[in-house]
Amino acid sequence: MSRTKTPAPEHYYEEYIYKKDKNDMVFTKVWAGILGNSLCFYSNHKDPRSVDIISLENYVSLKEPGDKSSSENQLSLCLKGREVQLKAESLESREMWRAYIITIAELKIPRSLSLLPGPLLALKEALEKEIERKKKNEAEANETPSCFYNVSRLEAETLLMQNHECGNFLLRPGGNQKSLSVSTCQQYNSKDVLKHYRVIQEQEGYVIQVDPKVVCSSVAHVISHFVNSSNKTLKPFVKICEYENKIAIFEQNNEDGVVTMRYAQDTPGGTKTSPLHTVPPPLPRDPPPEDDYENPDQGEKKWNSIREVSNGPRTPRPVTSAGLDEELRRKLEMRRQKID
């Protein structure tokens, strides 16, 4: 079974250094790096898990020991309630550690530095990143993360087990106001494996109670630590909200108390018309002429729409003599005979 390799953290500055606490008799060589505003110590340069973390939020001062003859390349890091002795491998290395520790702790580059242009430029870039990181953390601290739910341990387990597609870890309130809990649910051999972790808020930040403990500067950093340390196997739980596309109306029967649900048919702003009931075309401004129909009450039929065309001679209609004098009648008959 192969182990997934955890990506190495991006330190502002990292190098081997010797470290000694108050109760230690001798110095211990460790790999150290400045990650954010924390000074992290590792057993070697390949180990992604830190063995000790010092938050520079508790920084008081960084000074050289009084007896320089017996303490070459040493620095004394004074913190609130703690003092750590550091020893660099060279004078140049000691100056680099002094520059980075003071710059990140005080958010300004000290004037009494003897650095070359290249290292000085890298120090300025680290300062800009740290200022930007602090601004981002302050903005995120005022926002509630999307994977935080005000639920109990049992409710968190139910949410995770019944909604695998939404994610597999969430944040919830802890046992007191200064603590959080992280609940995870991962599948192993088709079974749900539930785990719970405690996160305590202290002066240096949010401390994940694991071995060794992990100090995070914000709640967002806590979430990113779980995601990154698991090689993105753990995903924040975000419940998918499904919306209805119709308005549901619940009605209760007064006789038997049965509640039924129906959907509202009408939509605001007008009703939809069925294609079988289309709007009739508008009437023309000028009414069309009326059609000629056969009138059975008249002796003669009128056909205005159809005209009969005959190839033979037309038979003239007889002309009545009502209202015409005899002379006019004869002239008309003579003209008709000439035409025929």
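Residues numbered from 1 in each chain as written. Predicted model: local features only at pLDDT ≥ 70, side-chain atom pairs only at ≥ 80, totals over all residues. Heavy atoms only, no water.

A. Representation of the environment of F169 in the model. Considering the arrangement of structural elements, one finds F169 in strand β8 (residues 169–173). Exposure remark for F169: the relative accessible area of 0% places this residue in the buried category. Counting along the chain gives 65 residues from F169 to L234, while the straight-line C-alpha distance between them is 6.4 Å. Contact partners of F169, with chain neighbours within four places excluded, come to C147, L160, V182, S183, T184, I223, F226, V227, L234, K235, P236 and F237. (Helix = DSSP H or I, 4+ residues; strand = E, 2+ residues; numbered from the N terminus. Buried < 20%, exposed > 50% of the residue type's maximum accessible area, 1.4 Å probe, protein only. Contact = heavy atoms within 4.5 Å.)

B. Spatial organisation of the nonpolar core. Counting 28 residues, the largest nonpolar core has L39, W97 and I101 as its most contacted members. Of all the secondary-structure elements, those providing two or more residues to this core are β1 (13–20), β2 (28–35), β3 (38–42), β5 (59–63), β6 (74–79), β7 (82–87), α1 (91–106) and α2 (117–141). In terms of residue count, α1 provides more of this core than any other element does, seven residues in total. If we ignore the near neighbours within four places in the chain, the residues touching W97 are Y13, E14, E15, Y16, I17, A32, G33, I34, L39, L75 and A88. (Core = buried A, V, L, I, M, F, W, Y, C linked by side-chain atoms within 4.5 Å.)

C. Spotlight on the pairing of β2. In terms of strand pairing, β1 meets β2 through seven bridges, oriented antiparallel. Its bridge partner being in β2, Y16 is matched across the sheet by W31. Here five bridges tie β2 to β3, and the two strands are oriented antiparallel to one another. What sits directly across from G33, in β3, is C40. What sits between β2 and β3 in their antiparallel hairpin is a turn of two residues, with G36 showing a positive phi close to 65 degrees. (Pairing = 2+ DSSP bridges.)

D. Looking closely at the packing of aromatic side chains. Counted under the stated rule, the structure contains six aromatic pairs. With 5.0 Å between their ring centres and 15 degrees between their planes, Y13 and Y100 make a pair best called stacked. With a gap of 87 residues between them, Y13 in strand β1 and Y100 in helix α1 connect regions that are remote in the sequence. The pair formed by Y13 and Y100 is uniform in burial state, with each residue classed as buried. (Phe/Tyr/Trp six-rings, centres within 6.5 Å; stacked < 30°, edge-to-face > 60°.)

E. How the structure looks around the sheet that holds strand β10 (residues 191–202). With antiparallel pairing, the five strands of this open sheet are ordered in space as β8-β9-β10-β11-β12. Strands with a single pairing partner mark the edges of an open sheet, and in this sheet they are β8 and β12 (214–216). Within this sheet the neighbouring strands show an average axis-to-axis angle of 30 degrees, counted without direction. In terms of strand pairing, β10 meets strand β11 (residues 205–208) through four bridges, oriented antiparallel. Within β11, the residue paired with E202 across the bridge is G205. (Axes fitted to C-alpha atoms, helices over the stretch in contact; angles between N-to-C directions.)

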